[in-house]
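What follows is each chain in one-letter form.
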Amino acid sequence: MPRKEILKETRRLTEPFIVTNGKRFRLKDFDPSDTRGLIDKGEAAQLLERGVRWLAEEQDMLYAQDRWSVLLVFQAMDAAGKDSTIKHVMSGINPQGCHVSSFKVPSKEELEHDFLWRYIKRLPERGCIGIFNRSYYEEVLVVRVHQDILAGQMLPPELVSERIWDERLTEIANFEDYLTLQGTVVLKFFLYVSKEEQKKRFLARLDRPDKHWKFSASDIQERQYWNDYMAAFEETIRATASKRAPWFVVPADNKWFTRLVVAAAVVEAVEKLNLHYPKVDAQKKAGLAAARTALMQEKEKAAPRARTKKA
């Protein structure tokens, strides 16, 4: 299939789920089980494989060109498929140019700094792809739902007001705007799983001993705050979606479709950078020619093999 047609097909997959202006964003306008009419998993697997190959080619040029960096942010409720999506979409990536950061409960040292500090330290360098498996958005999601966490963040009491969430969302939006102006492509994915599908996946984990390690009693407790989390996600996307740093609200009830949309979004974004391998100037070309000549002459001067002794 011609490159132009592939990009057209890619855009068809991403366009319904991208949010670049959050003013009118409503989570209820999205369906966690949506597959855009695709029901053939075999076809989906082929499309994903093609996207993975394309992304691998683009990443090679991204690394060689050493000008842009890419930050992929993944947010979701438990069991939405973040880990498996990252695993499948990035399966063709050269590990040298990619790093995944999973953020857990902050350490004492991290709590002694501003809420963005520990995330800034993990930003991707030029030429690389950085993946945040959960991110600074936890500061306006889980911390907002469980506001007692704020007490451990060492903030002066007079700075903890009713406006703190609006302030943090503004700071995050400004931070992402800054990153994009420094050459970092920022893509944010909310893997939108339904409460019913999450329940099915929790039960499946309980039925499989090899999945027990992924289950925690806190997962069940967090389900009690489902509506609070959905409200927090909606407010977060509404306040931080922009053309420079868009959100993708990706249906996550069908993992095969989730992976397909994420791969398409990354390919489309990186393709827009018009990446290419560094061009070689005349001086460099002369050096390469000299190197070739030296290697060829070295071959001609190679000593003949020693004769083996007769028994």
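Quick caveat: nothing in here was measured; it's all calculated off a predicted structure.

## Details of the sheet that holds strand β5 (residues 184-192)
Pairing within the open sheet is mixed, and its 6 strands lie in the order β1-β6-β5-β2-β4-β3. If you trace the sheet from one side to the other, it starts and ends with β1 (18-19) and β3 (98-102), each paired once. Taken together, the 8 bridges between strand β2 (residues 69-76) and β5 define a ladder with parallel strand orientation. What sits directly across from serine 69, in β5, is threonine 184. In the packing of helix α3 (residues 82-89) onto the sheet, the strands contacted are β2, β3, β4 (129-133) and β5, and the crossing angle to β2 comes to about 150 degrees.

## Some thoughts on the environment of phenylalanine 215
Topologically, phenylalanine 215 is positioned in the loop between α8 (195-207) and α9 (217-223). The spatial distance from the C-alpha of phenylalanine 215 to the C-alpha of arginine 205 is 6.9 Å, given a sequence separation of 10 residues. With sequence-adjacent residues up to four places away left out, phenylalanine 215 is seen in contact with Phe202, Leu206 and Ile220.

## Focus on the environment of glutamine 283
Checked against the element boundaries, glutamine 283 lands in helix α12 (residues 282-300). Residues glutamine 283 and alanine 80, 203 residues apart in the sequence, show an inter-C-alpha distance of 53 Å.

## Let's talk about the packing of aromatic side chains
Here the structure, examined in full by the defined rule, presents 14 aromatic pairs. Pairwise contacts between aromatic rings join Phe103, Tyr119, Phe132, Tyr136, Tyr137, Phe175 and Trp247 into one cluster. One cation-aromatic arrangement involves arginine 168 over phenylalanine 115; the distance from NZ or CZ to the ring centre is 4.7 Å.

## Quick notes on a negative patch on the surface
Taken together, Asp114, Asp166, Glu167 and Glu171 make up a surface patch of like negative charges. We classify glutamate 171 as partly exposed; its relative accessible area is 38%.

## With respect to α3
Regarding α3, the residues found buried are Lys82, Ser84, Thr85, Ile86 and Val89. Against α2 (41-65), β2, β3, β4, β5 and α11 (255-271) lie the buried residues of α3.

## Here's the deal with the pattern of salt bridges
As enumerated under the stated definition, the model contains 15 salt bridges in all. The partner of arginine 201 in a salt bridge is glutamate 197, and the shortest N-O contact between them spans 2.9 Å. With arginine 201 and glutamate 197 both in helix α8, this residue pair falls 4 residues apart, about one helical turn. When sorted by exposure, arginine 201 lands in the same class as glutamate 197, which is buried. We note a salt bridge from arginine 238 to glutamate 234, for which the minimum N-O separation is 3.2 Å. A residue pair is termed a helical-turn pair when its members lie 3 or 4 positions apart in one helix, as arginine 238 and glutamate 234 do in helix α10 (residues 226-240) at 4 residues. Arginine 238 sits in the partly exposed class, given a relative accessible area of 29%. A cluster of three or more residues bridged by salt bridges with shared partners is formed by Asp78, Arg134 and Glu138.

## Notes on the nonpolar core
Core analysis: the largest hydrophobic core is formed by 85 residues, its most contacted members being Leu72, Tyr136, Phe189 and Val249. Of the residues forming this core, the biggest block, 12 residues, is contributed by α11. Look past the residues within four positions of tyrosine 136 in its chain and what remains in contact with it is Leu71, Val73, Leu116, Tyr119, Ile172, Phe175 and Glu176.

## Focus: the pairing of β5
For β5, a buried count of 9 out of 9 residues is recorded, marking the element as mostly surrounded by other parts of the structure. Residues of β5 alternate between two faces, with Thr184, Val186, Lys188, Phe190 and Tyr192 on one and Val185, Leu187, Phe189 and Leu191 on the opposite face, all of them buried. Bridge analysis of β5 against strand β6 (residues 247-251) gives 5 bridges, and the strand direction is parallel. Note on β6: the bridge partner recorded for leucine 191 is valine 250.

## Things to note about the side chain of glutamate 176
As for its position among the elements, glutamate 176 is in helix α7 (residues 164-181). Only 2.7 Å separates the side chain of glutamate 176 from the side chain of tyrosine 137, close enough to count as a polar contact.

## Structural notes on unusual backbone geometry
For methionine 154, which is not glycine, the phi dihedral falls at a positive 60 degrees. Take methionine 154: its relative accessible area is 54%, and that puts it in the exposed class. The backbone of asparagine 274 shows a phi angle near 55 degrees, a positive value even though the residue is not glycine. Mapping asparagine 274 onto the fold places it in the loop between α11 and α12.

Reading guide: rules and limits
- Residues numbered from 1 in each chain as written.
- Predicted model: local features only at pLDDT ≥ 70, side-chain atom pairs only at ≥ 80, totals over all residues.
- Heavy atoms only, no water.
- Pairing = 2+ DSSP bridges.
- Helix = DSSP H or I, 4+ residues; strand = E, 2+ residues; numbered from the N terminus.
- Contact = heavy atoms within 4.5 Å.
- Axes fitted to C-alpha atoms, helices over the stretch in contact; angles between N-to-C directions.
- Phe/Tyr/Trp six-rings, centres within 6.5 Å; stacked < 30°, edge-to-face > 60°.
- Lys NZ or Arg CZ within 6 Å of the ring centre and 35° of its normal.
- Patch = residues over 30% accessible without salt bridge, like charges linked within 9 Å, V, L, I, M, F, W, Y side chains within 5 Å.
- Areas by Shrake-Rupley, 256 points an atom, 1.4 Å probe, with all protein chains shown as cover.
- Salt bridge = Lys/Arg side-chain N within 4 Å of Asp/Glu carboxyl O.
- Lys, Arg positive; Asp, Glu negative; His and termini not counted.
- Charge placed at Lys NZ, Arg CZ, Asp CG, Glu CD.
- Buried < 20%, exposed > 50% of the residue type's maximum accessible area, 1.4 Å probe, protein only.
- Core = buried A, V, L, I, M, F, W, Y, C linked by side-chain atoms within 4.5 Å.
- Polar contact = N/O pair within 3.5 Å; in protein donor to acceptor, adjacent residues only side chain to side chain.

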